[in-house]
Amino acid sequence: MAVDVLIMPFTEFEFMRRALVAVIALSLGGAPLGVFLMLRRMSLVGDAMAHAILPGAAIGFLLSGLNLLAMTTGGLIAGFLVAILAGVVARSTGLKEDASLATFYLASLALGVTIVSIKGTNIDLLHVLFGNILAMDDQTLLLVAINATITMLVLAVIYRPLVIESVDPLFLRTVSRAGAPAHLAFLALVVVNLVSGFQALGTLLAVGLMILPAGIARFWSRDITPMICIAVASAMLSGYAGLVLSFQTRIPSGPSIILVAAVLYSVSILFGSVGGVVRQLFPRRHLEA
Amino acid sequence: MPAQLAFQNVTLGYDRHPAVHHLTGEVASGALLAVIGPNGAGKSTLLRGITGILKPLGGSISLGGIDTRDVAYLPQTSEIDRSFPISVYDFVGTGLWRKTGFFGGVGRGAREGIAQALAAVGLTGFETRGIGTLSGGQMQRLLFARVLLQDARLIVLDEPFNAIDAKTAADLLELVKHWHTERRTVLAALHDLEMVRVNFPEALLLARGPVAWGLTAQVLTPDNLHVAMRMCEAFDDGAAACAVDIPSRAA
């Protein structure tokens, strides 16, 4: 029965309902940020940031064990530090943002793995690296929801300067001083959402629910507004389908969600209406004007 | 006529090396001024100084009471990401930033303004196209439409007719002359001396320092041009700190 497979897991088990709520919240906050990361050619920056929050989370872990609030706070502090330092270095010196961030995050990642290894077991390391969306307690769920809310509110405020800075940074600099604050706020939002994703998907995959939906959306729209909507929808779809897949099989939930997103991405590459492979191989007849 | 723009012994440059050296003078409100000179003469640097992107190494630039953010500036090489998914309509609409800001609505008046600006540059019908689909000339028309929408008292154009065809250049030049009739102050860095002679009442011949500044016919003399060409780009890594505090006077 389709109902048994698709709906029953969520009506029967509370941990599945919590996981679904978490994944929806993550999609609402993360996917729009992913679109901007992609359009600003910062997709790998998200990845770098995900690694950068590790030492903070590890220090939290070191101080209070597997306490999610402590790990989150530590992750936030580390993430902000790296994001702001990298941003400031890039803006005040000639160094490009990617190079600046790469140096910070590599040092950060090495530090993080060292800290976890010193005190924890391999299980701890696995939890930190891959997260566990099926073990969301009230506190964590609330945190994820608050982060999603903050993200949408702040993004609404900085949306215009962020778009203008992405398309024509010199113009924004001549008409406004909002560019730098908007950029820093954006980086901060990325960190906040990575920390959220970190609980559910782990450091390595947290960025997946941002970037993959953005990549999917790129194949279906030429305008940023629909692109954001498509990204959010496909993130939610991946989250839901990934949870169902994980429940029915033995695939861990985090990788399951990202794998579903990857399948959607592959389908988009093939059949997407904007630059999809099939559309390129079999172009429709050219227009009259 | 009050000055829209006043340079007080301005030196602009990069890493302490001056690209515009000790410039003093005024641009009257409503003037149409061509800034000419060989490559490396400091034209772009001067315009960047006016828009506030570049802080002077010495001296000061006063904008006749307007904020640098209210200067409309068309750079020579833009940093526009043409692959960004934004429509022609929305892109031109960013010219309204000073009015709308973060949250201001785009009402009927603003929408009419956008439509008029697009019509003025001949881009009606392109509203929903992505900016990545435009040709070089169409992109320049688009940038002029945005300048139009900025509705600025002071407009600064850096080689606005480079690499575009004669028809587009002529259309856009008409816009510049229209701004002049509206008593806006327009500065344009240009290379086409014929165009300057015919269309621009005033000219500033720059070669790091000002060579001549005033009525175009008196500036564009063979002697002046010869002097400007000879003042090559003197870049000396070991140059001593400039000891001149007497500004070089022009005009």
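Refer to the preceding data block for the structure.
Residues numbered from 1 in each chain as written. Chains lettered and ligands numbered in written order. Predicted model: local features only at pLDDT ≥ 70, side-chain atom pairs only at ≥ 80, totals over all residues.

### So, helix α1 (residues 43-50) of chain B
Note: α-helices contain 3.6 residues per turn, so residues at a spacing of three or four share the same orientation. Residues and elements named next belong to chain B. By the criterion of burial, α1 is predominantly enclosed, with eight of the eight residues buried. Among the residues of α1, Lys43, Ser44, Thr45, Leu46, Leu47, Arg48, Gly49 and Ile50 are the ones counted as buried. Remark: Gly52 follows α1 within two positions and exhibits a positive phi of approximately 85°. (Buried ≥ 20, exposed ≤ 12 C-beta atoms within 10 Å, placed from the backbone. Helix = DSSP H or I, 4+ residues; strand = E, 2+ residues; numbered from the N terminus.)

### Examining the interface of chain A and chain B
On the chain B side, the residues contacting the 19 residues of chain A number 19 residues. Taken together, the elements giving at least two residues each to the side of chain A that touches chain B come down to α9 (138-167), α10 (169-175) and α13 (224-248) of chain A. Here the residues of the side of chain A that touches chain B are counted per class, giving eleven nonpolar, three polar and five charged. (Contact = placed C-beta atoms within 7 Å. Nonpolar A, V, L, I, M, F, W, Y, C, P; charged D, E, K, R; others polar.)

### Focus on the packing of helix α4 (residues 43-52) of chain A against helix α11 (residues 179-205) of chain A
Packed helices, taken two at a time, are described by the angle between their axes plus the distance between the axes. Residues and elements named next belong to chain A. Interaxial distance between α4 and α11 falls to 10 Å at its minimum, and their mutual angle equals 70°. As judged from the angle between their axes, α4 and α11 are roughly perpendicular. Across from Gly46, Met49, Ala50 and His51 in α4, the residues of α11 making contact are Val190, Val191, Leu194 and Thr203. Residues that form the contact of α4 with α11 fall into these classes: five nonpolar, three polar and no charged. (Axes fitted to C-alpha atoms, helices over the stretch in contact; angles between N-to-C directions. Parallel < 35°, antiparallel > 145°, perpendicular 65-115°, else oblique.)

### A closer look at the environment of Phe126 of chain B
Residues and elements named next belong to chain B. By the element assignment, Phe126 lies in the loop between α4 (108-120) and α5 (136-150). Considered as a pair, Phe126 and Tyr89 are 37 residues apart in the sequence and their alpha carbons are 7.8 Å apart. Other than its neighbours up to four places away in sequence, Phe126 contacts Val88 and Leu118.

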